[in-house]
Amino acid sequence: MIKKIVKKRYHALKKYYELYKLGKKFSNDESFQLTKNLTNIEKTKKPYRFDIINFLSLTINAQNYLEIGVRNPADNFNLINISNKYSVDPGVEFELNPVDFKMTSDDFFSQLSQNSLKIPNDTKFDVIFIDGLHLAQQVEKDIFNSIQYLSEDGFIVLHDCNPPSEHHARETYSFYNSPAGGAWNGTTWKAFVKARMTYNSCCIDSDWGVGIISKSAKPGLNILKNSEENHFYEYSIFNDKRKEFLNLLSFESFTQKNS
Ligand SMILES: C[S@@+](CC[C@H](N)C(=O)[O-])C[C@H]1O[C@@H](n2cnc3c(N)ncnc32)[C@H](O)[C@@H]1O
C-alpha cells in the first residue's frame, strides 16, 4: 500500500518537474526575453494616445469626435477635450459598455449612411479614433468608412500601428502563451501601411504606435511610395523598413513641425 502511494507521488512530482523544465526552457529562450523587453520598453513610452489626440484637436479647433472601440471610457474617451463626442462599441470586452452606439463599426457606418441614427448622415467628424477590432481587413474598412465622414482638415487616428515584435502582431488576440503575453496590436499595421500609399500620414512612436491620417497635406505627414517590396505584408520586411513604412516620428519632432 505505502509502496503504491510513494510510486504515485513520485510520478506526480516527476510530471511537475517536466512541466517546470519546459516552462524554464521557453522563458529563458532568447527571443522570448527579447520580446518581453520590447513590451517593457513600449510601456514606458509617452505621450499617450489621448495626449496626441488632444494636441491634434487643438491644431484644427476640433468640435466633433468619434471613437470606434472604446472598452472602458476612463482609459481614453473621457480624457478627450472635444465638445461633441460619440462612441461606438459592440461591448465585446467591457460588459458595462457605456457608449452612444452599441454596435460594430460596420453597423454604425451602415446605419449612419441610411440616416437611421440619432446623428444625421451629413455629419462630419474632425477627429475619428479607430481602435476597434485590430485585424487588417476590419481596420481597412474602418479607415475607408471614416474617410467619408471626416472633415476636410480632420484627422483619423489609429491605435496599435507599431507592433514591436511579430508576437504582438499575431492575429489571435486570445493566445496569451506567446512571448508577448496579453499585449496585442494585431494586424492594424498592415491596413495602416496600405492606407499610407494613398493618404498623407505618419505614426507617432509612442503608446504602441499612434497612426495619423489626413485627407490634406500637413507638416510631418507624407504618402508612402507604392513599392512592390512588401506586397504580401510580411512582418520581417515591415520590421526592416519600419521607419519608412510607418513614417515613424517622435512626438517632439511632430509637434515642432506643427507649432
Ligand atoms: C482596444 S479596445 C479599445 C480601447 C480604447 N479605445 C482605449 O483607448 O482605451 C477595443 C474595443 O473594440 C471593441 N470592438 C471589437 N470589435 C469591434 C467592432 N467590430 N467594431 C467596433 N468596436 C469593436 C471591443 O469591444 C473593445 O472594447
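In case you missed it, the structure is sitting above this.
Reference entry: report on the structure contained in this document. Keep in mind it's a predicted model, so treat the numbers as computed, not measured.

## Brief notes about the overall build of the chain
Next up, step 1: A tally of helices and strands in the chain yields nine helices and seven strands.
Next up, step 2: Along the longest, intermediate and shortest principal axes, the C-alpha atoms of the chain span 80 × 40 × 30 Å.
Next up, step 3: Expressed as a percentage of its 259 residues, the buried residues of the chain come to 47%.
Next up, step 4: Taking all contacts inside the chain whose residues are at least 6 apart in sequence as the whole, residues at least 24 apart take part in 62%.
Next up, step 5: Just so you have it, the chain exposes about 14,300 Å², and 54% of that area is on carbon and sulfur atoms.
Next up, step 6: Side chains of the chain carry 32 positive and 31 negative charges; the gap between the two charge centres is 12 Å.

## Examining the sheet that holds strand β1 (residues 64-68)
Next up, step 1: Pairing in this open sheet of seven strands is mixed, and the strands run β2-β1-β3-β4-β6-β5-β7 from one edge to the other. Of all the strands in the sheet, just β2 (84-88) and β7 (248-249) have a single pairing partner and so form its edges.
Next up, step 2: The pairing of strand β5 (residues 200-204) with β7 spans two bridges and is parallel. From the neighbouring strand, Cys203 faces β7, where its bridge partner is Leu248.
Next up, step 3: Running over the sheet, helix α4 (residues 105-113) touches β1, β2 and β3 (125-130) and is turned about 140° from β1.
Next up, step 4: Sheet strands touched by helix α5 (residues 136-148): β1, β3, β4 (150-158) and β6 (210-214). Its angle to β4, the strand with the most contacts, is close to 160°.

## Points about a nonpolar patch on the surface
Next up, step 1: Together, Tyr16, Leu19, Leu22 and Phe26 make up a nonpolar patch on the protein surface, roughly 450 Å² of accessible area in all.
Next up, step 2: For Phe26, the position within the fold is in helix α1 (residues 2-27).
Next up, step 3: What makes Phe26 partly exposed here is its relative accessible area of 47%.

## Concerning the site of the ligand
Next up, step 1: The full set close to the ligand counts 18 residues, and Arg49, Gly69, Asp89, Ser105 and Asp131 are the nearest of them.
Next up, step 2: Contact between the ligand and Glu67: a nitrogen atom at 3.0 Å from a side-chain N or O atom of the residue.
Next up, step 3: At 2.8 Å, a backbone N or O of Gly69 approaches a nitrogen atom of the ligand.
Next up, step 4: When the ligand sits alone it has 590 Å² of accessible area, and the protein chains cover 93% of it.
Next up, step 5: Residue classes in the shell around the ligand are distributed as six nonpolar, five polar and seven charged.

## Some details on the nonpolar core
Next up, step 1: The biggest cluster of nonpolar side chains holds 38 residues, and the ones touching the most others in it are Leu66, Phe108, Ile143 and Leu158.
Next up, step 2: When residues in this core are grouped by element, the largest group, five residues, is from helix α6 (residues 188-195).
Next up, step 3: Those residues in contact with Phe108 that sit more than four places away from it in its chain are Leu66, Val88, Phe101, Met103, Leu117, Ile119 and Phe125.
Next up, step 4: Ranked by size, the runner-up nonpolar core spans 25 residues in total, among them Phe55, Ile60, Tyr65 and Phe155.

## Describing the pattern of salt bridges
Next up, step 1: Across all of its chains, the model carries nine salt bridges by this definition.
Next up, step 2: We note a salt bridge from Lys141 to Asp106, for which the minimum N-O separation is 2.9 Å. Of the two residues, Lys141 is situated in helix α5 and Asp106 in helix α4; the sequence distance between them amounts to 35 residues.
Next up, step 3: The partly exposed category is assigned to Lys141, whose relative accessible area is 38%.
Next up, step 4: You can call Asp106 partly exposed: its relative accessible area is 26%.
Next up, step 5: Between Glu229 and Lys241 there is a salt bridge, and its shortest N-O distance comes to 2.8 Å. Of this pair, Glu229 sits in the loop between β6 and α7 (235-240) while Lys241 is found in the loop between α7 and α8 (242-246), placing the two residues 12 residues apart along the sequence.
Next up, step 6: Relative accessible area serves as the criterion here: at 38%, Glu229 is assigned to the partly exposed category.

## Thoughts on the environment of Thr123
Next up, step 1: Topologically, Thr123 is positioned in the loop between α4 and β3.
Next up, step 2: The buried category is assigned to Thr123, whose relative accessible area is 10%.
Next up, step 3: Here the alpha-carbon distance between Thr123 and Tyr149, two residues 26 residues apart in the chain, equals 6.6 Å.
Next up, step 4: With sequence-adjacent residues up to four places away left out, Thr123 is seen in contact with Asn64 and Tyr149.
Next up, step 5: Only 2.5 Å separates the side chain of Thr123 from the backbone oxygen of Pro120, close enough to count as a polar contact.

Conventions we followed
- Residues numbered from 1 in each chain as written.
- Predicted model: local features only at pLDDT ≥ 70, side-chain atom pairs only at ≥ 80, totals over all residues.
- Heavy atoms only, no water.
- Helix = DSSP H or I, 4+ residues; strand = E, 2+ residues; numbered from the N terminus.
- Buried < 20%, exposed > 50% of the residue type's maximum accessible area, 1.4 Å probe, protein only.
- Contact = heavy atoms within 4.5 Å.
- Areas by Shrake-Rupley, 256 points an atom, 1.4 Å probe, with all protein chains shown as cover.
- Lys, Arg positive; Asp, Glu negative; His and termini not counted.
- Charge placed at Lys NZ, Arg CZ, Asp CG, Glu CD.
- Pairing = 2+ DSSP bridges.
- Axes fitted to C-alpha atoms, helices over the stretch in contact; angles between N-to-C directions.
- Patch = residues over 30% accessible without salt bridge, like charges linked within 9 Å, V, L, I, M, F, W, Y side chains within 5 Å.
- Salt bridge = Lys/Arg side-chain N within 4 Å of Asp/Glu carboxyl O.
- Near = heavy atom within 4 Å.
- Polar contact = N/O pair within 3.5 Å; in protein donor to acceptor, adjacent residues only side chain to side chain.
- Nonpolar A, V, L, I, M, F, W, Y, C, P; charged D, E, K, R; others polar.
- Core = buried A, V, L, I, M, F, W, Y, C linked by side-chain atoms within 4.5 Å.

This is a description of form; function is not addressed.
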